Amino acid sequence: MAEAGAHLTSTAVNEQPSIFEVLAQESLMEAVRPALKYTVKVLAESNPSRFGFLWRSFDELYLLLDLLLQNHFLSNSSASFSENFYGLKRVSGGRGLPFHLGLTRKAHWRSILLLCLVPYLRSKLEATLERQWDEEDFSIRLAQTRSQRLYRAALAAYPYVSSAWQAWIFIQQLLFIFGISRTHNPLLWLAGVKLARLNVQDIREMEKRVSSNSIKSTDGSLMQRAFWLISQSVRGAAVSLSTSLSLGVFFLQFLEWWYSSENQSTVKALTSLPAPPPPLHLQQDPDDGTSRTNCPLCLRQRSNATVLSTSGFIFCYRCIYTYVKANHRCPITRYPTELQHLIKIYSPES
């Protein structure tokens with residue numbers, strides 16, 4: 001599915017993708033990490049002894065997963081997972097160079113570094129800064145050394161550095177829209193690559209690579225066969241992972257929306273049980289000579305009137321306290337009741 005891509009009918013080999021395509025592939029990978037993180041969090045909270053290590057080591061495990069996935073797609077498709085999903089490829093950033101499929105070794109490892117390690121280090125830095133800011137809010141200011149003052153200065157400067165980076169990205173996207181820049185993101189410029197659309201020739205070249213690798217594996221030595229089996233296992237894991245991500249990304253986004261704080265009121269409204277209707281005999285006038293001001297337990301005039309919040313019936317405090325403490329239910333409706341459900345009624349006469 002991902003290999004087929006989009007815009008394969010185009011005859012232009014060097015056709016530049018639109019801003020909507022490049023932003024869509026970026027938003028795809030930005031949505032995968034928080035959705036997976038929330039899924040791991042739910043698993044860890046449901047069974048801490050079995051899945052707790054996944055939550056504690058999530059950043060490192062996600063880095064390993066990301067390295068495996070991105071290295072597979074860069075080696076076979078000259079693109080990251082999200083770029084290949086939208087039918088894009090990475091080509092050399094120089095002008096006048098052919099737009100063939102395949103990256104140089106230098107561009108390959110630069111892409112790996114900027115795709116995987118930079119987001120990992122940034123998330124670690126932001127987590128450290130968040131903990132430090134929380135400690136600064138609740139700690140006593142003591143005499144600080146020079147290194148501590150420099151560290152505090154770096155904390156104070158990080159929001160400005162982050163804002164400057166976002167402004168650079170925005171300017172780069174504007175230049176890309178107007179055709180002045182060949183890349184929409186500074187990370188692509190640092191990697192020395194740019195994006196182009198996949199074409200039919202690229203698809204045929206990828207299929208030829210797979211067939212040539214299988215032919216070499218049958219004619220090689222024992223070590224070559226073992227290496228081929230390992231590479232095929234890694235490739236199969238990467239393909240399975242990419243397929244599952246392609247199918248599950250929308251479901252993960254739905255889970256993220258469903259359990260978000262903004263949607264909790266809607267979830268409660270859909271899952272909460274309706275309030276039971278009042279008993280029918282409460283709407284009828286008593287015909288047994290009893291008064292509505294009598295206690296249903298002692299059948300005498302209520303003293304120190306107390307209502308049960310679980311059923312709405314009113315009793316004497318002494319009567320209902322003794323009954324609920326012994327039976328843990330309402331004497332009339334049999335609803336489960338505890339002592340904290342007793343509510344004192346203050347009348348104007350009292």
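Just above sits the structure.
Residues numbered from 1 in each chain as written. Predicted model: local features only at pLDDT ≥ 70, side-chain atom pairs only at ≥ 80, totals over all residues. Heavy atoms only, no water.

Undergrad: What is the right way to look at the overall build of the protein chain in this model?
TA: The number of helices and strands found in the protein chain is eleven helices and five strands. In the protein chain, buried positions account for 30% of the 350 residues. Accessible area for the protein chain stands at about 22,800 Å²; split by element, carbon and sulfur atoms hold 62% of it. (Helix = DSSP H or I, 4+ residues; strand = E, 2+ residues; numbered from the N terminus. Buried < 20%, exposed > 50% of the residue type's maximum accessible area, 1.4 Å probe, protein only. Areas by Shrake-Rupley, 256 points an atom, 1.4 Å probe, with all protein chains shown as cover.)

Undergrad: Looking at this model, I keep getting lost on the sheet that holds strand S5 (residues 342-344). Mind explaining?
TA: With respect to topology, three strands assemble into an open sheet ordered S4-S3-S5, the strand pairing being antiparallel. Every interior strand has two partners, whereas the edge strands, strand S4 (314-316) and S5, have only one. The mean inter-strand angle of the sheet, taken between neighbouring strand axes irrespective of direction, is 40 degrees. With three bridges connecting them, strand S3 (residues 305-308) and S5 associate as antiparallel partners. In the sheet register, Leu308 faces S5, and the bridge partner there is Leu342. Along the sheet face, helix H11 (residues 317-327) touches S3, S4 and S5 and points at about 95 degrees away from the line of S4. (Pairing = 2+ DSSP bridges. Axes fitted to C-alpha atoms, helices over the stretch in contact; angles between N-to-C directions. Contact = heavy atoms within 4.5 Å.)

Undergrad: Before we go on, may I ask you to explain the packing of aromatic side chains in this structure?
TA: One pair of aromatic rings is described through two measures. These are the centre distance and the angle between the planes. Using the criterion set out here, one finds seven aromatic pairs in the structure. Arranged with centres 6.2 Å apart and planes meeting at 70 degrees, the rings of Trp168 and Trp189 form a pair that is edge-to-face. In this pair, Trp168 is assigned in helix H6 (residues 146-177) and Trp189 in helix H7 (residues 186-191), connecting sequence segments 21 residues apart. Taken together, Phe73, Phe81, Phe85 and Tyr86 form an aromatic cluster joined through their ring pairs. (Phe/Tyr/Trp six-rings, centres within 6.5 Å; stacked < 30°, edge-to-face > 60°.)

Undergrad: Any chance you could explain the pattern of salt bridges here in plain terms?
TA: Any two side chains of opposite charge can pair if their charged atoms end up close together. Inspection of the entire model under this criterion finds six salt bridges. Salt-bridge contacts for Arg33 lead to Asp59; the nearest nitrogen and oxygen are separated by 2.6 Å. Of this pair, Arg33 sits in helix H1 (residues 19-46) while Asp59 sits in helix H3 (residues 58-77), and the two are 26 residues apart along the sequence. Note that Arg90 is salt-bridged to Glu83, the shortest N-O span being 3.0 Å. We note that Arg90, like Glu83, is buried. Taken together, the salt bridges that share partners define one network made up of Arg33, Asp59, Glu60 and Lys124. (Salt bridge = Lys/Arg side-chain N within 4 Å of Asp/Glu carboxyl O.)

Undergrad: Would you mind going over the state of the cysteines with me for this structure?
TA: Disulfide: a covalent bond connecting the sulfur atoms of a pair of cysteines. Using the criterion set out here, one finds zero disulfides in the structure. Unpaired in terms of disulfides, Cys295 finds its nearest cysteine sulfur in Cys298, a separation of 3.9 Å. Relative accessible area serves as the criterion here: at 1%, Cys295 is assigned to the buried category. For the unlinked cysteine Cys316, the closest cysteine sulfur is that of Cys298, found at 3.9 Å. (Disulfide = S-S within 2.5 Å.)

Undergrad: Help me understand unusual backbone geometry, please; the structure alone is not making it clear to me.
TA: Backbone geometry follows two general trends: most residues other than glycine have a negative phi, and most peptide bonds adopt the trans configuration. The phi dihedral of Ser78 is positive, around 55 degrees, even though this residue is not glycine. Look at His328: it is not a glycine, yet its phi comes out positive at around 60 degrees. Locating His328 in the fold gives a position in the loop between H11 and S5. For His328, a relative accessible area of 41% gives the class partly exposed.

Undergrad: What exactly am I supposed to notice about the pairing of strand S2 (residues 193-197) here?
TA: Both faces of the sheet carry side chains from a regular strand, because those side chains alternate between them. By the criterion of burial, S2 is predominantly enclosed, with five of the five residues buried. Neither face of S2 is exposed, since Val193, Leu195 and Arg197 on one face and Lys194 and Ala196 on the opposite face are all buried. Where strand S1 (residues 88-92) and S2 come together, five bridges link them in antiparallel fashion. Each bridged residue has a counterpart across the sheet, and for Arg90 the counterpart in S2 is Leu195.

Undergrad: Looking at this structure, I do not really get the side chain of Glu26. What am I missing?
TA: By the secondary structure assignment, Glu26 is in helix H1. Buried and without a salt bridge, Glu26 has Arg90 as its closest oppositely charged side chain, separated by 7.9 Å. Not counting chain neighbours up to four residues away, the residues in contact with Glu26 comprise Gln173, His184 and Asn185. (Lys, Arg positive; Asp, Glu negative; His and termini not counted.)

Undergrad: I'm lost on the packing of H1 against helix H2 (residues 48-56) in this one. Help?
TA: Axes are the key here: two packed helices are described by the angle between their axes and the distance separating the axes. Here H1 crosses H2 at 150 degrees, and the two axes come no closer than 6 Å. What the angle tells us is that H1 and H2 run roughly antiparallel. The way H1 lies across H2 gives a crossing that is left-handed. For the pair H1 and H2, contact is made by Lys37, Val40, Lys41, Leu43, Ala44, Glu45 and Ser46 and by Pro48, Phe51, Gly52, Leu54 and Trp55, respectively. For the contact of H1 with H2, a count of residues per class yields seven nonpolar, two polar and three charged. (Parallel < 35°, antiparallel > 145°, perpendicular 65-115°, else oblique. Left-handed = near helix turned anticlockwise from the far one by under 90°. Nonpolar A, V, L, I, M, F, W, Y, C, P; charged D, E, K, R; others polar.)

Undergrad: Any chance you could explain the environment of Leu69 here in plain terms?
TA: Its location among the elements puts Leu69 in helix H3. Residue Leu69 is classed as buried on the basis of its relative accessible area, which comes to 3%. A C-alpha to C-alpha distance of 9.9 Å links Leu69 and Cys116, two positions 47 residues apart in sequence.

Undergrad: Would you mind going over a nonpolar patch on the surface with me for this structure?
TA: A cluster of nonpolar side chains, contributed by Phe170, Ile171, Leu174, Leu175, Ile177, Phe178 and Ile180, occupies part of the molecular surface with about 700 Å² of accessible area. Mapping Phe178 onto the fold places it in the loop between H6 and H7. (Patch = residues over 30% accessible without salt bridge, like charges linked within 9 Å, V, L, I, M, F, W, Y side chains within 5 Å.)

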